[in-house]
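Okay, here's what each chain looks like letter by letter:
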Amino acid sequence: IQTERHDSDMKKILVPTDFSPNAFSAAQYAANLACEHQHGLHILHCYTALSSTFDEDAAAVDREDSTLLKADLTIVDFVEKIQQEFPQVEISYENVRGLLSEVLPREAKKEGYLCIIMGTVGASAKKNIFWGSNAAQITSSSPIPIFAIPQQITAYAHTKVGLLTNFKQEELIGLQEYLSISGSIAELFLIHVYKAEQPLEEVMEELETWKFNIQEFTNIEKIQYLIAPINKEDKSLDTVPEVIYNLIESEKLD
């Protein structure tokens, strides 16, 4: 099933869904971004033969057309809920048979898409998980930027933004892509984790040199640093992701 695609100059955000609460939160986040910048949404669901049809007995009893795909009804309900909450956003939707990791990058190559926004599993009580296998596979082959949204995050905000930095050129490309979506950043925090044995003065000198490149982006109002060493004596801060997560939480970045 596919809704009509409107021929216009409006950019669209591509939103994959498996109809989970996680995916709905990501769609709400995408809709909030769309509201701020007058974009549209295209909701995409990928299905397989096993996941697409009603139970045989239930279909015979409850449905006049037993060949109707379960996903055809579910996606309509999913989109209606988003549309009711965001009536001003233009939304199209589509069911495609195939694997998400193959279909989504192919769809993203079509003209008119600004970015992909997809849900991730979020943080569990035992460990910080923001990066699932789907997100990792799709990111490696996507031609457009991807926002990975943790569970229950629905509000789009870009006042305080963190940029993970290890002084690599591709970070500047990523920042440029982000600014093309957000328009501006009030406060940009350069996040850097270093080895405990490295002198702090040396780290600060590297950051100040790198900051010169960031200052070329005129739509960033303020640049600050968030830095910390790896702490081998603290099990909760002895890896780079753990230290980064702690810095993000301490500053309450958007």
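Preceding this section is the structure that the text describes.
On a predicted model such as this, the values are computed, not experimentally measured, just so you know. (Residues numbered from 1 in each chain as written. Predicted model: local features only at pLDDT ≥ 70, side-chain atom pairs only at ≥ 80, totals over all residues. Heavy atoms only, no water.)

*Asks:* Please clarify how the side chain of Thr165 should be interpreted in this entry.
*Replies:* Looking at where Thr165 falls in the secondary structure, it is placed in the loop between strand 6 (160–164) and helix 7 (169–182). Here Thr165 falls in the buried class, since its relative accessible area comes to 5%. Beyond its immediate sequence surroundings of up to four residues, Thr165 is in contact with Glu171, Leu190, Ile191, His192, Leu207 and Trp210. (Helix = DSSP H or I, 4+ residues; strand = E, 2+ residues; numbered from the N terminus. Buried < 20%, exposed > 50% of the residue type's maximum accessible area, 1.4 Å probe, protein only. Contact = heavy atoms within 4.5 Å.)

*Asks:* How do you make sense of the environment of Ser20 when you look at a structure like this?
*Replies:* With respect to the helices, strands and loops of the structure, Ser20 is situated in the loop between strand 1 (12–16) and helix 1 (21–37). Separated by 58 residues in the primary sequence, Ser20 and Phe78 place their C-alpha atoms 9.7 Å from one another. Within the local environment of Ser20, its side chain forms a polar contact with the side chain of Asp18, the two groups lying 2.7 Å apart. (Polar contact = N/O pair within 3.5 Å; in protein donor to acceptor, adjacent residues only side chain to side chain.)

*Asks:* Is there a simple way to explain unusual backbone geometry in this structure?
*Replies:* Residues other than glycine predominantly adopt negative phi, and peptide bonds predominantly adopt the trans conformation. If you check the backbone angles, Phe19 has positive phi at about 70° while not being a glycine. With a phi close to 70°, Gln152 is a non-glycine residue in the positive phi region. Relative to the assigned elements, Gln152 resides in the loop between strand 5 (146–149) and strand 6. Look at Gln152 and you get exposed, because its relative accessible area is 67%.

*Asks:* Would you mind showing me how to read the sheet that holds strand 5 here?
*Replies:* What holds strands together in a sheet is hydrogen bonding between their backbones, with the strands either parallel or antiparallel. Overall, parallel pairing links the five strands, which are arranged 3-2-1-4-5 in an open sheet. Where the open sheet ends on each side, the last strands, each with one partner, are strand 3 (91–97) and strand 5. Pairwise comparison of adjacent strand axes, ignoring direction, gives a mean angle of 25° for this sheet. Where strand 2 (residues 40–47) and strand 3 come together, seven bridges link them in parallel fashion. In the sheet register, His42 faces strand 3, and the bridge partner there is Ser92. Across the sheet, helix 4 (residues 70–85) touches strand 2 and strand 3, and the angle it forms with strand 3 is around 155°. (Pairing = 2+ DSSP bridges. Axes fitted to C-alpha atoms, helices over the stretch in contact; angles between N-to-C directions.)

*Asks:* It is not clear to me how the nonpolar core should be interpreted in this structure. Could you clarify?
*Replies:* One recurring pattern in soluble globular proteins is that nonpolar side chains are buried together. Within the largest apolar cluster, 43 residues are counted, with the highest numbers of intra-cluster contacts made by Leu41, Ile117, Phe147 and Ile214. Among the elements that take part in this core, helix 1 stands out by supplying seven residues, more than any other. Contact partners of Ile117, with chain neighbours within four places excluded, come to Ile13, Leu14, Val15, Pro16, Ala26, Tyr29, Ala30, Leu33, Phe147 and Ile149. Within the second largest apolar cluster, 14 residues are counted, among which are Cys46, Ala108, Ile116 and Met118. (Core = buried A, V, L, I, M, F, W, Y, C linked by side-chain atoms within 4.5 Å.)

None of this, on its own, says anything about what the molecule does.
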